[in-house]
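Breakdown of the fold
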Amino acid sequence: MTFCIGIKTKNGIVGLSDTRITSGNETTTSKKLYTVNRKKHAFFIMTSGLRSVRDKAITYFGELIEKEDASYDKLYKAVNGFADQVKRVAEEDMNSLEKSGFSFNLFSIIGGQLEEDKEPKLYLLYPQGNWIEIRQGTPFVIIGNTGFGNPVLRRSLKYDAPLYFALKSAFLAFDATRISSNDVDYPVDTVVMENDSYNIIENRFEQHELNHLSEFWNDSLKETINNLPADILKKAFSHVELEESE
């Protein structure tokens, strides 16, 4: 399983992905982030699903970028280009994978800003090759293990949030998933793109660098629970005689 998140705010885009790969009882680390960073032309792809499918689609797309990258002046065109490679891999490998009991389940988050984009864009690409754009109404998308990180984001994240706040929210969503699932873990890779910078800043963080944030969040939650104005709940500990119905 995987945890990848992309967030689009009025100030730009942030992304975060874990690196754990699980195969049977074995776990390894592998990068799930692909970036293109050129003058006024920058985007990233984060993926979840079978590693073999991901690696093949990214390899095909890398060859396409070498030949046709200059023709992509808006991000949706690059998304369509990657979608074509995903469909190409599906044609080649889907039947054999399904016969072996595997699902063709490559989901992708693609974000960036190209020459003719008025602002950074963020897309969710489905395994079938169709896509949706992530917009103001719900300014984030998670692929892979999607359930555990949603609550903190839905409670805290707004479209007008600063990118630093968005990145902290992304970390807390990852941390909630990591604690709840043994197939999501450090290191994590992050990407940040400010509006009209046309530049992706990429970094990797190890657990020892961020563990104090997790501990701070745990302690803050405990303190907040203790301080909840919840006197009404004490009623739950009182015995109340219930009237018998006739």
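Counting starts from 1 at the beginning of each chain's written sequence and moves along it residue by residue. Two thresholds apply to this predicted model, a pLDDT of at least 70 for residue-level local features and 80 or more for giving and counting side-chain atom pairs, whereas whole-chain, interface and lining totals are computed over all residues. Only hydrogens and water are set aside; all other atoms, that is, all heavy atoms of the structure, feed into the side-chain values.

By the naming in an unreviewed UniProt entry, the chain is Peptidase, taken from Cyclobacterium plantarum.

The secondary structure listing takes helices from DSSP runs of H or I that are at least 4 residues long and strands from runs of E that are at least 2 residues long, numbered from the N terminus. Helix and strand counts for the chain come out as five helices and 12 strands. Overall size of the chain, expressed as C-alpha extent along the three principal axes, is 75 × 45 × 45 Å. Accessible area is worked out with a 1.4 Å probe on protein chains only. A residue is then buried under 20% of its type maximum, exposed over 50%, and partly exposed in between. In the chain, which comprises 246 residues, the share counted as buried stands at 46%. Long-range contacts, defined as pairs at least 24 residues apart, comprise 63% of the intrachain contacts of the chain with a sequence gap of at least 6. With an accessible surface of roughly 14,000 Å², the chain has 49% of that area assigned to carbon and sulfur atoms. Contacts were defined at the residue level, with two residues in contact if any of their heavy atoms lie within 4.5 Å. For every accessible area listed, the method is Shrake-Rupley and the probe measures 1.4 Å; residues are considered covered only by the protein chains on display.

Time to look at the nonpolar core. Membership of the largest hydrophobic core comes to 27 residues, with the highest contact counts inside it found for F43, I45, F61, L75, F82 and I110. Those elements giving two or more residues to this core turn out to be β5 (33-38), β6 (41-48), α1 (51-68), α2 (75-99) and β8 (121-125). Ranked by the residues each element gives to this core, the list is headed by α2, at nine residues. Definition used in this section: a nonpolar core is a set of buried Ala, Val, Leu, Ile, Met, Phe, Trp, Tyr and Cys residues joined via side-chain atoms within 4.5 Å. Core analysis: the second largest hydrophobic core is formed by 22 residues, I5, V152, A166 and L210 among them.

Take the pairing of strand β7 (residues 107-113) next. With six of its seven residues buried, β7 lies for the most part within the structure. By this definition, two strands are paired if DSSP reports at least two bridges between them. Examined bridge by bridge, β7 and β8 share five bridges and lie antiparallel to one another. Bridge pairing in β8 links I110 to Y123.

With that out of the way, let us pick up the sheet that holds strand β12 (residues 201-205). Note on sheets: strands pair through backbone hydrogen bonds, and any given pair is parallel or antiparallel. The five strands are arranged β10-β1-β2-β11-β12 in an open sheet whose pairing can be described as antiparallel. Both outer strands of the open sheet, β10 (140-144) and β12, are each paired with one neighbouring strand and no more. Each neighbouring strand pair of the sheet contributes to a mean axis angle of 10°, computed without reference to strand direction. Axis definition: a line fitted to C-alpha atoms, over the contacting stretch in the case of helices. Angles run 0 to 180 degrees between N-to-C directions. Strand contacts of helix α4 (residues 163-180): β1 (3-9), β2 (12-18) and β11 (188-194), with the helix running at about 155° to β1, the strand carrying the most contacts.

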